[in-house]
Amino acid sequence: MNAWARLRLNLDALLHRRKREDDFARELASDLALEAEEQEARGLSPEEASYAARCAFGNTALVSMDVRDAWGFVRIEGLGRDFRYAARSLRKSPGFATVAILTLALGIGANTAIFSVINALILQPLPFSDPQSLVRIYSTQNGEFITGYGNPGGPSLVDVKDFADASHTIQQAVAYDTWRKNVSYADSPSGPQEMGVALVPPEYFEVLRIQPILGRVFTTAETLAGDHVALISASVWKTHFGETPDVLSHTIRINEESFAIIGVVPEMIPLWMEPRRIDAWTPEAFLDSRQENARGSRGFATLARLRPGVSPDQAQTELSGIAARLAAAHPIDAGVGVAVWRLADSRAGSMRPMLALLAGSVSLILLIACSNLANLLLARNSARQRELAVRAALGSGRRGLVSQLLAETLLLSVVAGALGLAVSRTGVAALTRITGAQMPQLASLEIDWRVLLFTFVVSVSASLIFGLAPALTGTQINLVDALKEGGRTGSAGRHCQRTRNLLVVAEIAMSLMLLVTAGLLLKSINRMQGQYLGIRQDHLLKGHMYIPPVQYKGPDAVTRFCDDYGRSVRAIPGVVDATISAIFPPRDGWTQMFEIPGRPIASLQDVPSARFGVSDSHFVKTFGIPLLRGRDFNDSDTPTSRRVVLVNQALVRRYFSGEDPVGREIFIGPPPSSNIPTDDNVTDAVTATIVGVMGDFQNAGLGLPPDPQILVLYSQNPLVNVAFKDVIVRTATEPHSLVPALLDRLHQLDPEIPLAEVATIDEVVEQQTGSQRFTTILLGLFALAGVTLAVIGIYGVISYLVALRTQELAVRLALGASRNNIMWLVLRQGLSLALVGCVIGLAGAFATRQLLASVLFQISPLDPATYVAGTLVLLVIALAATAIPATRAVRVDLLHSLRQE
Amino acid sequence: MPPKASQPAPSRSELLQGTLDMLVLRTLLFGPAHGHQIAKHIKQTSEEVLQVEHGSLYPALHRMERKGWITARWETAKDRNREFKFYRLTPAGKKQLAHEESRWKQTIQAMARIMWPAWEQKP
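Computed from a prediction, not measured in an experiment: that's the story for all the values here.

A closer look at the sheet that holds strand β2 (residues 70-76) of chain B
Residue and element names in this part refer to chain B. An order of β1-β3-β2 is seen for the 3 strands of this open sheet, with the pairing classed as antiparallel. Each edge of the open sheet carries a strand with a single partner, namely β1 (33-34) and β2. Across 7 bridges, the pairing between β2 and strand β3 (residues 83-89) is antiparallel. Within the sheet, the bridge partner assigned to Trp74 lies in β3 and is Lys85.

Here it is as structure tokens:
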């Protein structure tokens, strides 16, 4: 009989139960009557005949029960009865039920929370059609990701075109960029705001398969002509245009220029996908970047749609081959490779190792919770020996008893699962509030069917796996012993006790692992946040500006604006110093090649390069960077005077070791001898004199050793006097209190320029450690939960042991043992469990060092101090948990407990 | 509380159960019969050696009905003016009977070889 047929029969049995029972009653009656008639025919009186017939048929109640069993009723009825009974018996011991449910709910809740994070980061499908064939193409240099402005960047447009032309795996590829621009609407009285604008060719919408909800996307002709047309996001349409269709006759102003709105893009670009929220799209053909001399200009965001049936691995293999050919053909591409990632995989990104760690930790929590549950059940079952024995004596089979006990566990776990779901919802909501701004991936954190299914499966399997063993041992009943008057209730035996000890040891081991991991992460994040950036990090406020070229034509106008603004900011009371700069620590995404005259360069790989920045003359003073040699920029450095440059210690170490760099000249830009074409974004390619050496400050990103750095004055380098500038202010007062004054001075100069991304450097650092902090907070909570559960476990076991041994301890006391002896006797038991657990836990922590090493910063995963501290903390807590029952043991009432015997 | 059916049954009834099914199926090969007739037939044909308990018969009948070996219908008996529940064999039941019969034969032969070793060697 297959499963389906059986299910149908069971259903049939359930639905037609009454009918079947009536039918059988009738059958029995008719046959009984026949038997009686036959007996009567043999000459018995009617009464005697009916009696004889009933004798022949035996216990009809029993028969009908067996018949019902044949139809499968009993099993179904039994199930319902088991659950009803379970509910009643749990209600009768609310203490046990509460502890068990809370314990499990904690474990299940933690797992559900982490699963919903994994769900949001990995499992939920992307909002695009056929998301599995969408990939990002990143560019690598010598195997490492090259970084564009913020995120890993893609290949140059020239390379992308060569990839697309030669590839059989890629259907369509598109490179685009997202910029911060000053955007204003006809209706907005507050002036322009800085917003994310995507500069995209029309293929962008084809690759992502985005259909505008209103209007149309750009044409190729518009893109090539650079027409002033724009698409806006649905949320802009709603906030600024009241969702009216006549939005298509309106314009928006981007950087002081009018763009006709031609369409509305649905709200589907997830926040994690781009460095910033995109609210408008304008056509961009990147004509300059398509010239052969821009082959080295990488860092664009690149998306591709794979051909149907092609896996990212196949695309990776193919593109790597093409990249190798390009590298051989073009010197600028030497050492440059590609990485093809599923777009969906870029969502978890750097969080992946963290997720593994978190998933591992919550599994430990669940294991601990389940061990505790198993322990509680073992204790409860052995305390219920007599009840179980009575039920067995009355004819309940072992299977019946086990299924009864399992029903109880199942009921517990279902309630705990529901509670855990609620716990995880609150927890997740709190976490999103704490870290949400920094982790846009978690914006879509929600309880969907996957999370519900997960919770259900975890709850039920936890109860079945961990409920079965206690149920099996609990029902091994020696009837005679258990029912004997005065039989020890805990006589379920040594075997049972050993299981309980093992469970406690495991709990302690696992919570020590959690404790050590949390400790290491805490230290790591402290080091990361507390690391010396090479600057005076406190009281620094920064804001971003875009100085529109339409209004400020030419570098001189930009210089004038920046100098004016810098001067007026420095005049604000409470401002110690201020600088206008295109970069700020801890990260400078701009790299630049240079050459030291007189030093021949053998190959392209040997071209010196450094992080590059432009600023005014107040950079070093404002950031509090130590000046190690030479002088700072000063007012004598004018656009017409000799070009000057500041370098950092790392540059001196790498390129001027043993020499005094001050006074030396460097040529900034691709060395003329290397035949590298300069592209637009590079520099004036001029010779400049090093006038000073700064101390190293972080410029490669948080937690990374500083790279060589070059700093020049924007006033002397018109070609790199970019429209993007930050104002950075060192304040004497609370930094944010100066924001209104900063805005006021800015709008006095130009009311149309917004001040965006205002934050202190402290906040910038905090933001960049967001995912680490997220993990650390969670792991800290998990460790706390784990230790709490383990303490409950050890307390439970020792209390139980003390209760069992009350009489023995009383005898010992009576025979002259001192209270200290007794105390020690009990303490020793708890301590030995804790010690064994700690040893195993340390070994476990040691075993996970590799996983940990990937997420730790400047701390060894085997940091001895953390290991020792974790062990000590756990031992002390375990000792405290044991001390409570131990004191109880000492206070034992001699006479009372001896008389009990 | 009566002993529950889910209790592990003693091995003796296991054997009986197997044979009971076969005996009932074999009886129904003659044509439809109701429970009482089946019990009587087995008792009489075996010359009162095999007594079929009603307590085993009815559960067995219902189990076999559930398995689809037999079907049941209320019909008026020829000799009595009353309806009885008549069971009849289905094709699946016939197949089951053949299967159990051959198994039973094997068992008897195997037992015979052990109990009376010389029996087979006789000419």
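Continuing now.
Quick word on the confidence of the model for chain B
Residue and element names in this part refer to chain B. Per-residue confidence for chain B averages 78 on the pLDDT scale, and 80% of its residues sit at or above 70. Averaged pLDDT values over the elements of chain B bottom out at 69 in helix α1 (residues 11-28) and peak at 89 in β3. In this model residues 1-15 is a low-confidence stretch, pLDDT under 50, and it forms 21 contacts with partners more than four residues away in sequence or in other chains. Scored as a whole, the predicted complex attains pTM 0.72, and scored at its interfaces, ipTM 0.77.

Let's talk about the pairing of strand β14 (residues 591-595) of chain A
Residues and elements named next belong to chain A. For β14, the tally of buried residues reaches 4 of 5 residues, placing the bulk of the element in the interior. Sheet topology note: the β14/strand β15 (residues 609-615) ladder contains 3 bridges and is antiparallel. When the bridges of β15 are listed, Gln592 appears paired with Ala610. Sheet topology note: the β14/strand β18 (residues 665-668) ladder contains 2 bridges and is antiparallel. Residue pairing in the sheet places Glu595 in a bridge with Phe667 of β18.

Focus on the environment of Pro585 of chain A
Residue and element names in this part refer to chain A. Assignment of secondary structure puts Pro585 in the loop between β13 (575-581) and β14. Taking the number of C-beta atoms within 10 Å as the measure of exposure, Pro585 has 25 and is therefore buried. For the pair formed by Pro585 and Ile535, sequence separation is 50 residues and the distance between their alpha carbons is 8.1 Å. Non-local contacts of Pro585, meaning those with residues more than four positions away in its chain, are made with Leu533, Gly534, Ile535, Phe623, Phe697, Gln698 and Asn699.

Re the packing of helix α19 (residues 555-570) of chain A against helix α22 (residues 739-749) of chain A
Any two packed helices are characterised by how steeply their axes cross, that is the angle between the axes, and by the distance between the axes. Residue and element names in this part refer to chain A. Axis separation between α19 and α22 bottoms out at 10 Å; the angle between their running directions is 145°. The handedness of the crossing between α19 and α22 is right-handed. Residue-level contacts link Phe561, Asp564, Tyr565, Ser568 and Val569 of α19 to Leu742, Arg745, Leu746 and Leu749 of α22. Class assignment for the residues of the contact of α19 with α22 results in 6 nonpolar, 1 polar and 2 charged.

Observations regarding helix α4 (residues 91-115) of chain B
Taking 1.5 Å of rise per residue, 25 residues should cover 36 Å, and α4 of chain B covers 36 Å from first to last C-alpha, within 8% of that figure. Listed as buried for α4 of chain B are Gly93, Gln96 and Leu97 of chain B.

Focus: the confidence of the model for chain A
Residue and element names in this part refer to chain A. Per-residue confidence for chain A averages 85 on the pLDDT scale, and 92% of its residues sit at or above 70. Taken element by element, chain A is modelled with least confidence in helix α17 (residues 479-483), mean pLDDT 63, and with most confidence in β13, mean pLDDT 96. Counted against residues more than four places away or in other chains, residues 485-492, with its pLDDT under 50, gives 13 contacts.

Quick look at the environment of Asp616 of chain A
Residues and elements named next belong to chain A. For Asp616, the location among the structural elements is in the loop between β15 and α20 (619-623). Here the alpha-carbon distance between Asp616 and Gln716, two residues 100 residues apart in the chain, equals 9.7 Å. For Asp616, the residues in contact, after removing those within four places along its chain, are Cys562, Asp563, Gly566, Thr579, Ile580, Leu713 and Tyr714.

Cut-offs and rules
- Going along each chain's sequence as written, the residues are numbered from 1 onward.
- Following the order in which they are written, the chains are lettered starting with A and the ligands numbered starting with 1.
- With the structure being a predicted model, the display of local features is reserved for residues of pLDDT at least 70 and the display and counting of side-chain atom pairs for 80 or more, all residues being used for whole-chain, interface and lining totals.
- Only when DSSP finds a minimum of two bridges between them are two strands counted as paired.
- The helix count covers DSSP runs of H or I at least four residues long, the strand count covers runs of E at least two residues long, and both are numbered beginning at the N terminus.
- pLDDT runs from 0 to 100 and stands for how confident the predictor is about each residue.
- For the purpose of contact definition, each residue receives a C-beta atom placed from its backbone, and two residues are in contact when these atoms lie within 7 Å.
- Residues with at least 20 other C-beta atoms within 10 Å of their own are called buried, those with 12 or fewer are called exposed, and the rest are partly exposed. The C-beta atoms themselves are positioned from the backbone.
- Every angle, taken between N-to-C directions, lies between 0 and 180 degrees, and every axis is a line fitted to C-alpha atoms, over only the stretch in contact when it is a helix.
- We call a crossing left-handed when the near helix sits turned anticlockwise from the far one by less than a right angle, and right-handed when that turn is clockwise.
- Under the grouping applied here, Gly and all other residues not named as nonpolar or charged are polar, the nonpolar ones being Ala, Val, Leu, Ile, Met, Phe, Trp, Tyr, Cys and Pro and the charged ones Asp, Glu, Lys and Arg.
- Helix span is expected to be 1.5 Å times the residue number reduced by one.

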